[in-house]
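Results of the structural survey
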Amino acid sequence: MSQNNSAEHDHHVLAIVGSGFAGIGAAIRLAEHHRGSVVIFERADTLGGVWRDNTYPGAACDVQSLLYSFSFAPGTDWRHTFARQPEIRAYLERVAREHGLLPRLRTGCAVQSATWDSIHHRWVLETEGGTSTADHVVLATGALADPAIPHIDGLEEFGGSVFHSARWDHSVDLSGKRVAVVGTGASAIQFVPQIQPLVGALTLFQRTAPWVMPRGDTAITRRSRAAMRVVPGLQRMRRTAIYAEREAKLAAFRHPTLMAVGEREGRAHLEHAVSDPVLRKKLSPSYRMGCKRILLSDNYYPALAQPNVDVHTVGIDRATPEGLIDSDGTTHPVDVVIFGTGFDTSRLPLTEAIVGPDGVSMSEMWGSSPEAYMGTSVTGFPNMYLMHGPNIGLGHTSVIMMFESQLRYISGAMKWCRDRGPATVEPTPQAQSGFARLVDSLTDGTVWTSGGCSSWYLDPTGRNSNLWPASIFGYRRRAWSFDATHHLSRVGAEQR
């Protein structure tokens, strides 16, 4: 793996920031445009994104393996319906290696800022390895890159170990320890069942009960894996079936009354696993299913029903050297505090340091409610493309399919510039606001805005600026062809 972190200035047609699914996909699918002049900046010491960072016990995907992978690099060796973290990371490393990306990868080289050079019409990137420039930049840092850790008074005085699930401290032996888990999101429901048998006592602080559905994970047999390798079209047929099934479920998100069917299944799942009526009441959601992320687990509820687990629904007031004190004044002596509190989704990482021609950063321009044309490009920031930007997330299926659609749009933009020599493109203000209004109209009446909960899907203004609220096909259709009429372009010194 190349670690060419030289401080000398270098120029590229394409610079990619981040080496998770989005960054690797961009480097491969945009190959025809960068003509070998590409660099991938990665702040960590290896590639992999969230699947490198999240090594907590039980880490796995909640989308089926066959769908949570690139269509152009099908995986046929998945060992489980829902792949484990080591499998996914190995898949990404294999894809990067087979497509010759490793020599282009600069690890341990965080990008600190990106500033538009209005004279030479290119981006100037300041990195830990020095200064680089690029005609086009793909920001592939991901929306789930920076852990969110709530402020707790006195936590710095706590005498035990403290870490976030996305930065799991494997040096801490949890055997027999008194462990506090803060948060009950997607990560917590995976690691809690794994650590529950090991710890002496587990105190779970839950703010909002999630909807948890059966996972139904199964092993994929050696014979089935072999069949997908040798039978033409079998892997794609199975992938298409999963895609169709998940797209069909979108109807309930868009018409919330249909969620009643899933809610009955969710309640039955809880009642089957938890007999204690007091605990069952604590774990019963009070909002419409789908308003927050629906979680999948077969062992979360059984783990919480064990005698060494206590679930508390009051907040944490402060920490002491010996433990945590909740909002009711009760002291909980603990040895370890683990945060399963998700990620900072208020903005994409680095957007506060991306400065356009007007000297304003992208995050400043956005304010509290980010907008981007096709969730990908932002007016005032030429030749800058956001992977997993505003309204690219999904509530019902694989975001990898959205990434591939984004790359179709970016490919069209880069091709337009390439065919006209030195050129730049950015969306018109009208196109960007039009896309935002489209998202608003598609969101209206859906479970995400009418489900009776507060979620990371909605920004501080109450607007959905995170999810694409319709079908993947609908987004892909819009991204399929680059429409120059929706963009401002500059060829040489002339604005068009």
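As the structure is a computational prediction, the values presented were derived from the model and not from experiment.

Scanning the chain for helices and strands turns up 15 helices and 21 strands. For 496 residues, the compact-globule formula gives about 23 Å, and the C-alpha radius of gyration of the chain, at 23 Å, lands near that figure. Its C-alpha atoms put the chain at 70 × 50 × 45 Å along the principal axes. Relative to its 496 residues, the chain shows a buried fraction of 55%. Contacts spanning at least 24 positions in sequence make up 74% of the contacts within the chain whose residues lie at least 6 apart. Here the chain holds 48 positive side-chain charges and 48 negative ones, and the gap between their average locations is 10 Å.

Here we take up the environment of Ala303. Residue placement: Ala303 occurs in helix 10 (residues 300-304). Residue classification places Ala303 among the buried positions, given a relative accessible area of 4%. Distance in space between the C-alpha atoms of Ala303 and Leu67 is 29 Å, their sequence separation being 236 residues. Beyond its immediate stretch of four places on either side in the chain, Ala303 contacts Pro193, Gln196 and Val309.

Another aspect to go through is the pattern of salt bridges. In the structure shown here, the tally under the stated rule is 20 salt bridges. Ionic pairing is found between Lys249 and Glu245, a salt bridge with its closest N-O pair at 3.9 Å. Of the two residues, Lys249 and Glu245 both sit in helix 7 (residues 234-254), four residues apart, roughly one turn of that helix. Glu245 sits in the partly exposed class, given a relative accessible area of 43%. Between Arg267 and Glu263 there is a salt bridge, with the nearest N and O atoms lying 3.9 Å from each other. Taken as a pair, Arg267 and Glu263 lie in helix 8 (residues 259-273) at a separation of four residues, close to a single helical turn. A relative accessible area of 41% places Arg267 in the partly exposed class. In this structure, a network of salt bridges that share partners links the residues Glu42, Arg52, Asp53 and Arg167.

Here we come to the confidence of the model for the chain. Regions with low pLDDT carry predicted coordinates that are not meant to be interpreted in detail. The predicted model of the chain averages 93 in pLDDT, with 97% of residues at 70 or higher. Contacts of residues 1-8 to residues separated by more than four positions or lying in other chains number 26 contacts, the stretch itself having pLDDT below 50.

Below, the discussion takes up the packing of helix 6 (residues 222-230) against helix 7. Where helix 6 contacts helix 7, the axes come no closer than 6 Å and their chain directions differ by 110 degrees. Classified by the interaxial angle, the pair formed by helix 6 and helix 7 is roughly perpendicular. Here helix 6 contributes Ser224, Ala227 and Met228 to the contact with helix 7, which in turn contributes Leu234, Gln235 and Arg238. Across the contact of helix 6 with helix 7, the residue classes tally to three nonpolar, two polar and one charged.

In space, the five strands of this open sheet follow the order 7-16-8-9-12, with parallel pairing throughout. Every interior strand has two partners, whereas the edge strands, strand 7 (161-164) and strand 12 (309-312), have only one. Averaged over neighbouring strand pairs, the angle between their axes works out to 15 degrees when direction is ignored. Where strand 9 (residues 201-205) lies against strand 12, four bridges are found, and the strand directions are parallel. By the bridge assignment for strand 12, Phe205 is matched with His312.

This part is about the sheet that holds strand 14 (residues 323-326). The antiparallel open sheet is built from three strands, whose spatial order is 13-14-15. The strands lining the two open edges of the sheet, one partner per strand, are strand 13 (316-319) and strand 15 (331-333). For this sheet, the mean angle separating the axes of adjacent strands, direction not counted, is 25 degrees. The pairing of strand 14 with strand 15 spans three bridges and is classified as antiparallel. Its bridge partner being in strand 15, Gly323 is matched across the sheet by Pro333.

With 15 residues, helix 8 should cover 21 Å at 1.5 Å per step; its first-to-last C-alpha distance of 21 Å lies within 8% of that length. The complete set of buried residues in helix 8 reads Met259, Gly262, Glu263, Gly266, His269 and Leu270. The buried residues of helix 8 all sit within an arc of 120 degrees when viewed along its axis, so they share a single face. For helix 8, exposure combined with an orientation more than 90 degrees from the buried face picks out Val261, Arg264 and His272. The secondary structure elements touched by the buried residues of helix 8 are strand 10 (212-213), helix 7, helix 9 (277-282) and helix 10.

Rules used in this analysis
Residues numbered from 1 in each chain as written. Predicted model: local features only at pLDDT ≥ 70, side-chain atom pairs only at ≥ 80, totals over all residues. Heavy atoms only, no water. Helix = DSSP H or I, 4+ residues; strand = E, 2+ residues; numbered from the N terminus. Rg over C-alpha atoms; globule rule 2.2 N^0.38 Å. Buried < 20%, exposed > 50% of the residue type's maximum accessible area, 1.4 Å probe, protein only. Contact = heavy atoms within 4.5 Å. Lys, Arg positive; Asp, Glu negative; His and termini not counted. Charge placed at Lys NZ, Arg CZ, Asp CG, Glu CD. Salt bridge = Lys/Arg side-chain N within 4 Å of Asp/Glu carboxyl O. pLDDT = per-residue confidence, 0-100. Axes fitted to C-alpha atoms, helices over the stretch in contact; angles between N-to-C directions. Parallel < 35°, antiparallel > 145°, perpendicular 65-115°, else oblique. Nonpolar A, V, L, I, M, F, W, Y, C, P; charged D, E, K, R; others polar. Pairing = 2+ DSSP bridges. Expected span 1.5 Å × (residues − 1). Arc of directions from axis to C-beta.

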